[in-house]
Amino acid sequence: MNSSVTEFILFGLTQDAGKQKAVFGVFLILYLATLLGNFLILVTIKTSKTLGSPMYFFLFYLSFADACLSTTIAPRLIVGAITQKNTISYNECMTQVFAAHFFGCLEIFVLILMAFDRYVAICKPLRYTTIMSQHVCSVLMILSWVGSCIHSSAQIFLALRLPFCGPNVIDHYFCDLQPLLKLACMDTYVTNLLVVSNSGAICTVSFIILLISYVVILYSLRNHSAEGRRKALSTCTSHFIVVVLFFGPCIFIYTRPPTTFPIDKMVAVFYTIGTPLLNPLIYTLRNVEVKNAMKKLWCSKV
């Protein structure tokens with residue numbers, strides 16, 4: 001790393017004093033709600049004896065990834081909204097790049113595993129317990145962690161190679177490669193291609209895989225009973241809403257040439273703060289088993 005910059009200044013969502021107070025209040029509430037919602041799911045799945053299926057095993061790790069992704073980004077945004085100069089050291093910035101991509105990629109892999117679980121449950125019900133055994137699920141999760149580590153390591157490798165020799169104001173509310181590329185004093189065309197081939201490819205290919213899996217699932221439902229179709233559609237609809245809300249913004253940000261738009265920060269809010277908040281709501285409000293398990297657990301505690 002050849003850089004004279006030791007810290008960066010995060011521009012945040014806005015520099016307007018009045019709007020910053022609103023950002024502080026709104027995002028503090030959203031962050032606390034995210035932590036509470038995901039914590040409830042984590043505790044409920046961990047303690048409930050009725051939520052032992054692979055779907056809830058993966059949902060546990062989805063909530064874990066959501067809570068960690070939100071914690072990687074939201075606190076600095078919230079604190080920065082009430083401080084006049086939101087600075088972040090070079091090392092902290094690189095750590096944030098790694099953590100954001102690690103937990104973001106982990107969420108992508110978990111969503112794929114959840115779609116695969118639904119595919120096996122609906123299309124191969126007689127072999128479900130054999131294919132989705134506890135051992136297989138554990139191995140799949142380990143591979144997801146390893147894959148996430150490889151992805152984020154590639155991202156941090158690209159970030160560490162960027163030289164910074166002057167401007168240090170990041171026009172964003174967290175450290176990411178796209179805004180950092182704008183500050184680098186070098187030709188970043190090749191680096192951006194590598195970012196697109198890494199983050200962009202993971203987002204796009206994963207989204208296509210998920211779409212295909214849901215099309216196959218919907219096609220196979222024609223042979224099921226009306227009650228079976230209703231239950232399967234309810235579960236798959238929840239999954240599909242999460243997929244669209246997460247992958248839409250990710251594809252918009254990571255699969256284009258090295259250009260930035262004013263709307264980028266608001267789009268990023270969807271997958272860094274919005275999705276981690278909505279996932280617990282979507283999976284609890286549309287899932288009777290989770291709601292019943294929560295009522296049983298927390299009513300007994302009270």
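Residues numbered from 1 in each chain as written. Predicted model: local features only at pLDDT ≥ 70, side-chain atom pairs only at ≥ 80, totals over all residues. Heavy atoms only, no water.

Strand order in this open sheet of three strands is 2-1-3, and the pairing throughout is mixed. Each edge of the open sheet is held by one strand with a lone partner, namely strand 2 (87–89) and strand 3 (169–170). Pairing geometry for strand 1 (residues 7–10) and strand 3, over two bridges, is parallel. For Leu10, the partnering residue across the bridge sits in strand 3 and is Ile170. (Pairing = 2+ DSSP bridges. Helix = DSSP H or I, 4+ residues; strand = E, 2+ residues; numbered from the N terminus.)

The feature "transmembrane region" (unreviewed entry), as given by UniProt, occupies residues 22–43, 55–78, 98–116, 136–158, 199–221, 233–254 and 266–285 in the numbering adopted here. Between the end C-alpha atoms of residues 136–158 the distance is 33 Å, and the span holds 100% helix and 0% strand. (UniProt positions renumbered as here; feature names shortened; annotations may be inferred.)

Looking now at the state of the cysteines. Working definition of a disulfide: a covalent bond connecting the sulfur atoms of two cysteines. Scanning the model with the defined rule gives two disulfides in all. With its sulfur 2.1 Å from that of its partner, Cys93 forms a disulfide with Cys175. Its S-S torsion of about -120 degrees marks the bond between Cys93 and Cys175 as left-handed, since a negative value means left-handed. Residue Cys93 is found in helix 3 (residues 90–123), and its partner Cys175 is found in the loop between strand 3 and helix 6 (177–183); the two are separated by 82 residues along the sequence. Judged by its relative accessible area of 0%, Cys93 falls in the buried class. For Cys175, a relative accessible area of 0% gives the class buried. (Disulfide = S-S within 2.5 Å. Buried < 20%, exposed > 50% of the residue type's maximum accessible area, 1.4 Å probe, protein only.)

For strand 1 and strand 2, the ladder comprises three bridges, and the chain directions are antiparallel. Each residue of the ladder has a partner; that of Glu7, found in strand 2, is Ser89.

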